[in-house]
Amino acid sequence: MTGFVSVLVGSDSDLAVMQRTAEVLKGYVIPYELRIASAHRTPDATQAYVRDAEVRGCQVFICAAGLSAHLAGAVAALTTHPVIGVPLEGGALGGIDALFSTVQMPAGVPVSCVAIGPHGAANAGHLAAQMLALADPALAERVRAERRAQTAAVLAKDQALRGL
Ligand code: RP5
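So, a few notes on the structure that sits alongside this text. Note that this is a predicted model, so its numbers are computed, not measured.

Describing the sheet that holds strand β5 (residues 112-113)
At step 1: The strand order β2-β1-β3-β4-β5 describes an open sheet built from 5 strands, whose pairing is parallel. In the strand order of this sheet, the two ends are held by β2 (32-36) and β5, each with one partner.

Below, the structure written as structure tokens:
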């Protein structure tokens, strides 16, 4: 495939959860780069990164942040490429704060928001793969194979539970 996925985290404290995204992208053999870019603490560097990443071939941005999470929205303001937001659990409100910050974008500047935490981190990778697969038949087959593997795994567990 041409291009890559950019995975941005608001802080190094977000990296552990976002390893799930990296693992999913690796599983699909999708090139990606992982960077720390804070909407609040490094706004100028974040803007410069997004502009440069687009020029270098970034297809989809995945942005993860906790607390008052503005990274995905800030990146969406700078690009017309798809932006997937991952709200992270990071404080007293358990990620609900980041969920609302990420999901409530005004019309015309969308962020595709996934679930809070590890499931969202994994699904950000799967969703990016599905977007890229629209123009990549080989990747589309890997996405279908992953779904078949999930189905087979659940059926096997059910059989084991029934002692078959
Ligand atoms: C957010 O604030 C980051 O994305 C992180 O989830 C949270 C806390 O950041 P640190 O204080 O751990 O750097 O901007």
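Back to the text.
Quick look at the site of the ligand
At step 1: Around the ligand sit Gly10, Ser11, Ser13, Asp14, Arg41, Ala65, Gly66 and Leu67, and that is every residue in its neighbourhood.
At step 2: Within the contact set of the ligand, an oxygen atom lies 2.7 Å away from a side-chain nitrogen or oxygen of Arg41.
At step 3: Take Gly66: an N or O atom from its main chain is 3.0 Å from an oxygen atom of the ligand.
At step 4: Within the complex, the protein chains bury 74% of what would otherwise be the 360 Å² of accessible surface of the ligand.
At step 5: Taken together, the residues that form the shell around the ligand break down as 2 nonpolar, 4 polar and 2 charged.

Quick notes on the pattern of salt bridges
For side chains bearing opposite charge, pairing can occur when the charged atoms are close.
At step 1: Tallying each qualifying case throughout the model produces 5 salt bridges.
At step 2: Asp52 is the salt-bridge partner of Arg56, the closest N and O atoms lying 2.7 Å from each other. Of this pair, Arg56 and Asp52 both sit in helix α2 (residues 43-56), 4 residues apart, which is roughly one turn of the helix.
At step 3: By relative accessible area, Asp52 is classed as partly exposed at 39%.

Here we look at α2
At step 1: With 14 residues, α2 extends 20 Å from end C-alpha to end C-alpha; this agrees with the ideal 20 Å at 1.5 Å per step.
At step 2: Turning to α2, its buried residues number three or more, namely Thr46, Tyr49, Val50 and Ala53. Along α2, the residues classed as buried sweep out an arc of 100 degrees about the axis, all on the same side. Residues of α2 that are exposed and angled more than 90 degrees away from the buried face: Asp44 and Val55.
At step 3: For α2, the secondary structure elements touched by its buried residues are β1 (4-9), β2, β3 (58-66) and α3 (71-76).

Observations regarding the pairing of β2
At step 1: Pairing of β1 with β2, which is carried by 5 bridges, proceeds in the parallel orientation. Following the sheet pairing, Val5 is matched in β2 by Tyr32.
At step 2: This β-α-β element, β1 to helix α1 (residues 15-27) to β2, shows right-handed connectivity.

Things to note about the pairing of β3
At step 1: With respect to burial, β3 is a largely interior element, 7 of its 9 residues being buried.
At step 2: Bridging between β1 and β3 involves 6 bridges; their strand directions are parallel. The residue of β3 that forms the bridge with Ser6 is Phe61.
At step 3: In this structure, β3 lies alongside strand β4 (residues 83-88), joined through 6 bridges in parallel fashion. Each bridged residue has a counterpart across the sheet, and for Ala64 the counterpart in β4 is Val86.
At step 4: As a crossover connection, the stretch from β3 through α3 into β4 is right-handed.

Regarding the packing of helix α5 (residues 118-133) against helix α6 (residues 137-161)
At step 1: At a minimum axis separation of 8 Å, α5 and α6 run at an interaxial angle of 140 degrees. In terms of axis orientation, α5 runs oblique to α6. The two elements α5 and α6 cross, and the hand of that crossing is left-handed. Where α5 abuts α6, its residues His126, Ala129, Gln130, Leu132 and Ala133 lie against Pro137, Leu139, Ala140, Val143, Glu146 and Arg147.
At step 2: Here the residues of the contact of α5 with α6 sort into 7 nonpolar, 2 polar and 2 charged.

Definitions and cut-offs
Residues numbered from 1 in each chain as written. Predicted model: local features only at pLDDT ≥ 70, side-chain atom pairs only at ≥ 80, totals over all residues. Heavy atoms only, no water. Pairing = 2+ DSSP bridges. Helix = DSSP H or I, 4+ residues; strand = E, 2+ residues; numbered from the N terminus. Near = heavy atom within 4 Å. Polar contact = N/O pair within 3.5 Å; in protein donor to acceptor, adjacent residues only side chain to side chain. Areas by Shrake-Rupley, 256 points an atom, 1.4 Å probe, with all protein chains shown as cover. Nonpolar A, V, L, I, M, F, W, Y, C, P; charged D, E, K, R; others polar. Salt bridge = Lys/Arg side-chain N within 4 Å of Asp/Glu carboxyl O. Buried < 20%, exposed > 50% of the residue type's maximum accessible area, 1.4 Å probe, protein only. Expected span 1.5 Å × (residues − 1). Arc of directions from axis to C-beta. Contact = heavy atoms within 4.5 Å. Right-handed = clockwise from strand over helix to strand, strands pointing away. Axes fitted to C-alpha atoms, helices over the stretch in contact; angles between N-to-C directions. Parallel < 35°, antiparallel > 145°, perpendicular 65-115°, else oblique. Left-handed = near helix turned anticlockwise from the far one by under 90°.

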